[in-house]
Amino acid sequence: MKIFLLIWLILTPLVNAQPKDLHFSGFGTLGVISSDSKEYGYRTDLGQRDGSFNNTPDYESSNVLGLQLDYALHPNADLVFQSVYHNQNTVTLDSTTRLAFARFTANPTWSFRLGRTPLDLFLLTEYRDVSFGYIWANTPIEVYGLVPYRYLDGGDITHSTHINHLTLRSKLFSGTSTSDFVASPQRTESFKLADIVGVTINLETFRWSLQLRYSTSRFANESPSATQLASGITALAQSVPGFDSIWPNSDETITKLKSKGEVVYYSSLGAKYNWQQWSALAEVSKIGAKRSFSTVTAGYASLIFHGQSFSLYSIYAATQTDFVDIDTLGVDVATLASIPEALELYNALDVSLNLYAINQSTWSVGWRWNLTPSIALKCQWDRTRIKEQGGGLWLNKDFATQPKETVNTLFTNLSFIF
Amino acid sequence: MARLKITLLVILLQLLAIDGLAAEQDLVVVVNINNPTSKMSKSQVIDLFMGRYIAFPNGEKATPIDLIDEQDIKIFFYQNLVGMSLARVNAYWSRVKFTGRVKPSVKVPSETELIQHMNSSPLSIGYMERRNLTKHLKVVYALNE
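Bear in mind the structure is a predicted one, so any value in this text is a computation, not a measurement.

This paragraph deals with the overall build of chain A. When you go through chain A residue by residue, the secondary structure sums to eight helices and 18 strands. The globule rule puts the C-alpha radius of gyration for 418 residues at 22 Å, and the 23 Å found for chain A is close to it. On the principal axes, the C-alpha backbone points of chain A span a range of 75 × 45 × 45 Å. Contacts in chain A between residues at least 24 apart in sequence constitute 61% of all its contacts with a sequence separation of at least 6.

Residue and element names in this part refer to chain B. Within the open sheet, the five strands sit side by side as β3-β2-β4-β1-β5. Their pairing is mixed. In this open sheet, the two strands that pair with only one neighbour each are β3 (106-108) and β5 (137-142). Taking each pair of neighbouring strands and ignoring which way they run, the sheet shows an average axis angle of 35°. Note: strand β2 (residues 63-67) against strand β4 (residues 124-129), two bridges, orientation parallel. Its bridge partner being in β4, P64 is matched across the sheet by I125. Lying over the sheet, helix α3 (residues 72-82) contacts β1 (27-32), β2 and β4, oriented at roughly 95° with respect to β1.

Formed by 88 residues in total, the largest nonpolar core has its most connected members in F122, F132 and L146 of chain A together with V28, V29, V30 and V45 of chain B. In this view, V29 of chain B contacts M40, V45, I125, Y127, V140 and Y141 of chain B; residues no more than four positions away in its chain are not counted. Listed in part, the nine residues of the second largest apolar core include A226, L229, L257 and L349 of chain A.

All names here are of chain A. In terms of strand pairing, strand β10 (residues 208-219) meets strand β11 (residues 263-275) through 11 bridges, oriented antiparallel. The partner of L212 across the bridge, within β11, is L269. Where β11 lies against strand β12 (residues 278-289), 12 bridges are found, and the strand directions are antiparallel. Looking across to β12, one finds that Y265 is bridged to G288. The turn linking β11 back onto β12 is made up of two residues, and Q276 within it adopts a positive phi angle of 50°.

Before going further, it helps to spend a moment on the domain arrangement of chain A. In many analyses, interface size is given as the accessible surface area lost on bringing the parts together. In terms of domain boundaries, chain A breaks down into domain 1 (2-223 + 259-322 + 357-417) and domain 2 (228-258 + 325-351). Contact residues are listed per partner, giving seven residues for domain 1 of chain A and five residues for domain 2 of chain A.

Cut-off values and rules
- Residues numbered from 1 in each chain as written.
- Chains lettered and ligands numbered in written order.
- Predicted model: local features only at pLDDT ≥ 70, side-chain atom pairs only at ≥ 80, totals over all residues.
- Helix = DSSP H or I, 4+ residues; strand = E, 2+ residues; numbered from the N terminus.
- Rg over C-alpha atoms; globule rule 2.2 N^0.38 Å.
- Contact = placed C-beta atoms within 7 Å.
- Pairing = 2+ DSSP bridges.
- Axes fitted to C-alpha atoms, helices over the stretch in contact; angles between N-to-C directions.
- Core = buried A, V, L, I, M, F, W, Y, C linked by C-beta atoms within 7 Å.
- Buried ≥ 20, exposed ≤ 12 C-beta atoms within 10 Å, placed from the backbone.
- Domains from an automatic or database assignment.

Structure, rendered in structure tokens:
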């Protein structure tokens, strides 16, 4: 934490002493999260390995430092580079590079970016790590926790136009992205999304905005743990006589475990409204795939009151996913139990098929105090009701036992820009 | 104890929303005299200074010029234009800038430098006190009209 403060103190004076064509700026967050469950550890998204259990403060998950360089090559062309540390599991040049693109602005209506840009899946995914940019202490995990992807290697085309007093901004993007998923305390797997094609449509005035997003992509690799399970079932089918009668249609189960080539889609409808000292914000999102996991439907609504230097807010967020009932596979579990290690395989399959079966809801209240125009202190209290076997967003000892529980989580953080 | 009292007083003053800028300032949005734009609406000025659609009404690309730091004139300008404190304006701009959506606006340290910059730049647009207008600049929008 001291290093963060030192970097900030050194960099701040440099911001106002830079060449005309080069613009240096940055953002950051210092914070602590504390959650009161012994069973569930709070984490900001599925890519995080650190979490808070049993009121133990977690100082790592909310710490962010982002540095950005903008360089104007020409009145119509510029380069942007941004590096972000947000408690990644591995810190490399690739994992910390958030933006690295060249932009050509043909005119005020059309612009093109090529390189690494932020992945624009949901309303706040592009700036979820820029805590100063939003009122809350944390983005609702019901929507944003399931998406650890941060960047897009590819390009986008943006069209902006005026229709009477409305601004219509449309963006088409394409590329690839990779992120870690922490599927268990011992297992972190990397998943690449290939052939991402998406569109964003944003209709707004300064008072309100309506935003629609839709994208499709394809998993480019298999999950090592799911492949291991599939191999185990195949080995049983080959070695156990009459396996078809114990585990009917095991080929179909194996197909469910294959992620490579699976088409995944993300969609979101979001709206914002500002009225005098009040703001309202709501979003509904869906993540779906044909065979690997059940469709996840999530959403939140937030009401915010703005004082002169503070804001008070409340959020309600919920997510719903259909649980895959492993009994529907028709496996003769009693007979399977007589085969060495087969029952363990069956139980591991249950966990794997329901890894993203997330069912929970959260009420939040919070307060943001703008200490200066570029520093904000935020506090938030979350009360989350997790349904039985619905706690996939949380860190869990073995991800197999997920009891029904109500968890309280406290966030305190200081966010800043320079 | 004395330190605690001072801290509480500072917090109280902030919460009571004491606006030191309540005094009227005659602020105007200006362009270079050679710019063909003669008048702009409030929504067009908002679009330009909030990075939403950075063009003059004739479609020509514009270059908004802003002031650095927390100067009174800047606080007054945004409070009257979009009804937001500078912290909320900065929060908005952090979303725009750190997602790489638009280029950061040009920032100058003082109104004097803003005038110098605009005197020689036909596509720039800035804001200033009316009393500081020069013959090289013209008003396209007045905040208190």
